[in-house]
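One-letter residues, chain by chain:
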Amino acid sequence: MEMIKKITKPVNVLYQKWHSENSLSKGVIIITLLLVIFSYLPSLVNDYVPQDQWRAFRYSTFEQPYLSRTKACMNMVVGFYIQTGRPLVWIGECIDHTFVGKISDFAFIRPFVLAIVLLTVLYMGAFIAPYVGGWSVGVITSALFVLAPGYSFIYMQGATGAPLLICLILSIASFSKLKPCVQEEKLLTAKNLLRLLVPFILFFLACTTYSIWAFIVVSLALLYFGFDKKYPLEDKFKHLILILSFYCFTTLAYYAFIKASIYLYPILTKKPLLNLGSYMFSMELSPSILFPKFIYAIKFFNEMYPFSFKLLSGSATIIVLLFALYTGLQKRTKGVFQVIIWTAITLVTSVVVLLGSVSPWFFSRFNDLALHHLIPWQIFLYVSLAALLFTLVNYFFSKSKILVTSLLLIVFLLGPAAIFQNRLTFSEAIISGFELGFLRSKLKNYINKQEYINHVLLIIQANHLRPQFIEKMLKNSVCGGGQNAVLVSATNPVSMPWVINALLRERDTFQASKEVHVSDYLHNPDEAEGKLINGNIPVLQTDGKSSFESPEKPYIINFTELTSDPLKTKIIRKGDKYIVYFYKSHSN
């Protein structure tokens, strides 16, 4: 019973907080949650599959029992995630693999993922409320955060991405538990040291899920230093050092744990380690690698847009400068010199801490910052912007400060962000549906005419990322249309056999007959020769940039037909080979 009370305590706290809010605040919160739902609504009403979720269809064309798929998933992905330093992420992916037999089954899981998003908005909003003027403003700020391009990219992955969403909640909970510990006058008492165990475990779990998202605690520490009003700057600076030291120690424990896990994995499982390239968990310490990354990160921060729509260029840097000035002004009663000194200290500290907040990328083998790497920066920027705006509004409208701040944030930031995210979510869903509809029509002929008996499948990959009508829809989106709003045949060819497998599961012809194996010959097309037997469908692929030699007669599925630059094909037999030539429709 005591354990149940502890688990449900955050929900009870939110429930009590809700009842303590006035009608105006409740109305703002409801409107904000509705805007978040509106932003992601297309993901609930359309059948679509983002790139990473196609792995759920790598099994038989027959729907296997739930437990069989769970075991198969664990056998395939656990080792991969251990080697990438994310040993808990497999849980979400295997939930997808277990409960998804057909594409339409994803629809039953996505409402639960959206519920995690809404819970994050409420919980994070309650946590940052003291910095931004109240829970309602905190909820608006958190809603901006969950509509950020990097966050939405992970949300669209469904259950596969759900552990990362939960990771954020664990990190916030860890920081909220750690803060009272470092504020104690007597830090090294046995009781206080024992209290550190809870934030340690929470942050450790967050790191083993996705370390770069877990590192939002570093940004939260900087926000505490700037916006907490209970302590003088000197004390808060000391608290900041203690917080960062604690998380540095926990990170080292996490690093040692992952290294030990990677070492023990092949010994305990008798499986070899995989060659994962840049995904491999490692720490890059070479100055020749770190210095260019350092310069790149600073330039990227200054040039990036914090939101999914265009804002003033350099807006992120402006927010950091205002944050430093706001913090320095807390010493205005001590004179101009103190203000200048503390503004400079805050500015330098902010640069160091913000770079440290993306250190899992900084010390990794990845060269470029992706949208979902920016989460620690985005939470700092959104909370800082809301807190600074609330301070400014309070100066002019002290009696209606919460209402005015809420209106400004909703009208000028959250409203546009919700519209852009709705458009992006729709585009991601509609592109996937558009591509699937095209492939279904092609496979219908392939199956009904029993072409699979005599023909291998030849996929001509799309030559543009997305259809032309989607490009026009997203032309003003600074996130480039999103990493999910793409044709899978253009960006992730390794998934195509799984796409075909998923669609064959929908066909009664294959459900009622013996099992059919869809085999990938993406990299070795010559090996497909003679494999068109015993219910085996070899899948070959080409980008259409040069003629393609097929060892068997191909049945062509041409995805360039979906783009603004379609290719025509011509097949000529030469000896025992088939040569496929490509040309533009306007060519001779």
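Please read these numbers as outputs of a predicted model, since none were measured by experiment. (Residues numbered from 1 in each chain as written. Predicted model: local features only at pLDDT ≥ 70, side-chain atom pairs only at ≥ 80, totals over all residues. Heavy atoms only, no water.)

Here's the deal with the overall build of the protein
- Within the protein one finds 23 helices and 7 strands.
- Over its C-alpha atoms the protein spans a radius of gyration of 27 Å, differing by no more than 12% from the 25 Å that the globule rule assigns to 588 residues.
- Over its C-alpha atoms, taken along the principal directions, the protein stretches across nearly 90 × 55 × 55 Å.
- The buried share among the 588 residues of the protein stands at 53%.
- Only carbon and sulfur atoms are counted for the fraction: they give 64% of the accessible area of the protein, which is about 26700 Å².
- Averaging the locations of the 53 positively and 33 negatively charged side chains of the protein gives two centres separated by 9 Å. (Helix = DSSP H or I, 4+ residues; strand = E, 2+ residues; numbered from the N terminus. Rg over C-alpha atoms; globule rule 2.2 N^0.38 Å. Buried < 20%, exposed > 50% of the residue type's maximum accessible area, 1.4 Å probe, protein only. Areas by Shrake-Rupley, 256 points an atom, 1.4 Å probe, with all protein chains shown as cover. Lys, Arg positive; Asp, Glu negative; His and termini not counted. Charge placed at Lys NZ, Arg CZ, Asp CG, Glu CD.)

What about the confidence of the model for the protein?
- Confidence in the prediction of the protein, expressed as mean pLDDT, is 89, and 94% of residues score 70 or more.
- For the protein, per-element mean pLDDT is lowest for helix H23 (residues 508-512), which scores 56, and highest for helix H12 (residues 216-227), which scores 98. (pLDDT = per-residue confidence, 0-100.)

Comments concerning the packing of aromatic side chains
- Inspection of every chain in the model, using the stated rule, returns 36 aromatic pairs.
- Measuring from centroid to centroid gives 5.0 Å for Phe307 and Tyr382, while their planes differ by 15 degrees, and the two rings are stacked. Taken as a pair, Phe307 in the loop between helix H14 (287-303) and helix H15 (315-328) and Tyr382 in helix H18 (residues 375-396) lie far apart in primary sequence, 75 residues in all.
- What makes Phe307 buried here is its relative accessible area of 3%.
- Exposure remark for Tyr382: the relative accessible area of 3% places this residue in the buried category.
- Members of the aromatic cluster, each reached through a chain of ring pairs, are Tyr131, Phe227, Phe323, Tyr326 and Phe380.
- Between Lys293 and the ring centre of Trp361, over which it is positioned, the NZ or CZ distance is 4.7 Å.
- Directly above the aromatic system of Phe420 lies the positively charged group of Arg423, at a separation of 5.1 Å from the ring centroid. (Phe/Tyr/Trp six-rings, centres within 6.5 Å; stacked < 30°, edge-to-face > 60°. Lys NZ or Arg CZ within 6 Å of the ring centre and 35° of its normal.)

A word on the pairing of strand E6 (residues 567-574)
- The pairing of E6 with strand E7 (residues 577-584) spans 8 bridges and is antiparallel. Residue pairing across strands places Arg573 opposite Tyr578, the latter belonging to E7.
- Between E6 and E7, which pair antiparallel in sequence order, lie 2 residues; one of them, Gly575, sits at a positive phi of approximately 65 degrees. (Pairing = 2+ DSSP bridges.)

Some words on the state of the cysteines
- Evaluation of the coordinates by the stated rule reveals 1 disulfide.
- Unpaired in this structure, Cys207 has its nearest cysteine sulfur neighbour in Cys167, at a distance of 7.4 Å.
- Lacking any disulfide linkage, Cys248 is separated from the closest cysteine sulfur, that of Cys207, by 11 Å.
- Judged by relative accessible area, which is 45%, Cys248 ranks as partly exposed. (Disulfide = S-S within 2.5 Å.)

Thoughts on the nonpolar core
- Counting residues in hydrophobic clusters, the biggest one holds 168 residues, and the most contacted among them are Trp54, Tyr151 and Trp213.
- Apart from residues no more than four positions distant in its own chain, Trp213 is found in contact with Gly150, Tyr151, Ile154, Leu164, Leu165, Cys167, Leu168, Ser171, His372 and Ile375.
- Listed in part, the 12 residues of the second largest apolar core include Leu458, Ile460, Ala528 and Leu540. (Core = buried A, V, L, I, M, F, W, Y, C linked by side-chain atoms within 4.5 Å. Contact = heavy atoms within 4.5 Å.)

Some details on H15
- The end-to-end C-alpha separation of H15 is 20 Å, in line with the 20 Å expected for 14 residues at 1.5 Å each.
- Inspection of H15 places Ser315, Ala316, Ile319, Val320, Phe323, Ala324, Tyr326, Thr327 and Gly328 among the buried residues, and these make up the whole buried set.
- At its buried positions, H15 is contacted by H12, helix H13 (233-269), H14, helix H16 (336-357) and H18. (Expected span 1.5 Å × (residues − 1).)

Re the sheet that holds strand E4 (residues 548-550)
- The 3 strands are arranged E4-E7-E6 in an open sheet whose pairing can be described as antiparallel. The open sheet has two free edges, formed respectively by E4 and E6, since each of these has just one partner strand. If you compare each strand with its neighbour and ignore which way they point, the axes differ by 25 degrees on average. (Axes fitted to C-alpha atoms, helices over the stretch in contact; angles between N-to-C directions.)

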